[in-house]
Amino acid sequence: MKFKTVIFSAAFFVGLMSMVMDKVSAQQPVNLQGAWQSGALAYQSTMICSEKYFSVAIYDLESRKFISTHGGSYRVEGGEWIGMLEWHSSNPELVGKELRQKVALKRASITFDDKTGKVEWKQLDDGTPGELAGAWLITGRMRDGAMSTMTPGARRTMKILSGTRFQWIAYNVETKEFSGTGGGTYTTRNGKYTENIEFFSRDNSRVGASLTFDFSLEDGRWRHKGLSSKGDPIDEVWTKREKIGL
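Residues numbered from 1 in each chain as written. Predicted model: local features only at pLDDT ≥ 70, side-chain atom pairs only at ≥ 80, totals over all residues. Heavy atoms only, no water.

## Points about the nonpolar core
This is how the line gets drawn: Throughout this description, the term nonpolar core refers to a set of buried Ala, Val, Leu, Ile, Met, Phe, Trp, Tyr and Cys residues connected via side-chain atoms within 4.5 Å. To sort residues, take the accessible area from a 1.4 Å probe on protein chains only and compare it with the maximum for the residue type: under 20% means buried, over 50% means exposed, and anything in between is partly exposed. The helix count covers DSSP runs of H or I at least four residues long, the strand count covers runs of E at least two residues long, and both are numbered beginning at the N terminus.
In this structure, Leu132, Trp136, Leu161, Phe166, Tyr186, Tyr193 and Trp222 are the most contacted members of the largest nonpolar core, which totals 17 residues. When contributions to this core are tallied by element, the ones reaching two or more residues are strand S9 (134–143), strand S12 (165–172), strand S14 (192–200), strand S15 (210–218) and strand S17 (233–240). Listed in part, the 15 residues of the second largest apolar core include Cys49, Phe54, Ile58 and Val103.

## Thoughts on the environment of Ile48
Counted only if it meets this: Contact definition: two residues touch when any of their heavy atoms are within 4.5 Å.
Relative to the helices and strands, Ile48 resides in strand S2 (residues 44–49). Residue classification places Ile48 among the buried positions, given a relative accessible area of 2%. When neighbours within four sequence positions are excluded, Ile48 is seen to be in contact with Gly34, Tyr53, Phe54, Ser55, Ile160, Leu161, Ser162, Arg165, Phe166 and Gln167.

## Quick look at the sheet that holds strand S4 (residues 65–77)
This is how it is decided: For two strands to be treated as a pair, DSSP must find no fewer than two bridges joining them. In this description, a line fitted to the C-alpha atoms serves as the axis of each element, helices being fitted only across the stretch in contact, and the angle between N-to-C directions of two axes falls anywhere from 0 to 180 degrees.
The antiparallel closed barrel is built from eight strands, whose spatial order is S1-S2-S3-S4-S5-S6-S7-S8. Ignoring which end each strand starts from, the neighbouring axes of this sheet average 35° apart. With eight bridges connecting them, S4 and strand S5 (residues 80–88) associate as antiparallel partners. Across the sheet, Glu77 pairs through a bridge with Glu80, a residue of S5.

Any functional reading would require information beyond the geometric quantities listed.
See the structure below:
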């Protein structure tokens, strides 16, 4: 009899602590930094969030089909997620518009809630362990043996990375033109940056490829050197968006 009472008490304590932790979590500021995923393999959505910027890619991993992508800047205020779209591949008319959704964080998942219903996202990582987590804009490219400086404006090429996932996007915020995207998982080890491609809007034959580059970081800039998926030499400089102020 005493044994049963102990079991009941332990179960009650675990349940009570779970309720308390959920309540505490609900009261804490919502931190979205990292990578998140929702949906099945046939219609998989992956979201990457830095401190101020986000990207969402929707794709069919099994058939190597890219479906759509959107993203831009965001902030969270009083339990509400507020996003300003910089690109949207399937609905460009939404570029420049503000989107609002209720957002709630619960342990390793988040739920967005708007007029269309609730969508739950499972956390893939919290921004670690990758050395390149953040939002970057391309600011330099080697041409004819010299590094050519590029000043981001309306036309942008951005890379956004969590601790384990990456996505690059080329777009124009004024014309609302979407030019292309690709992404997947990545690792950084011993000065080597390796991309494992899961989607590619321009050529799905590149899905499944792994590309390794040399990388180095200096004063908020990322030097990126190697060969593209076509075998062309790449030598680029990427700068953190916060440093550019764009």
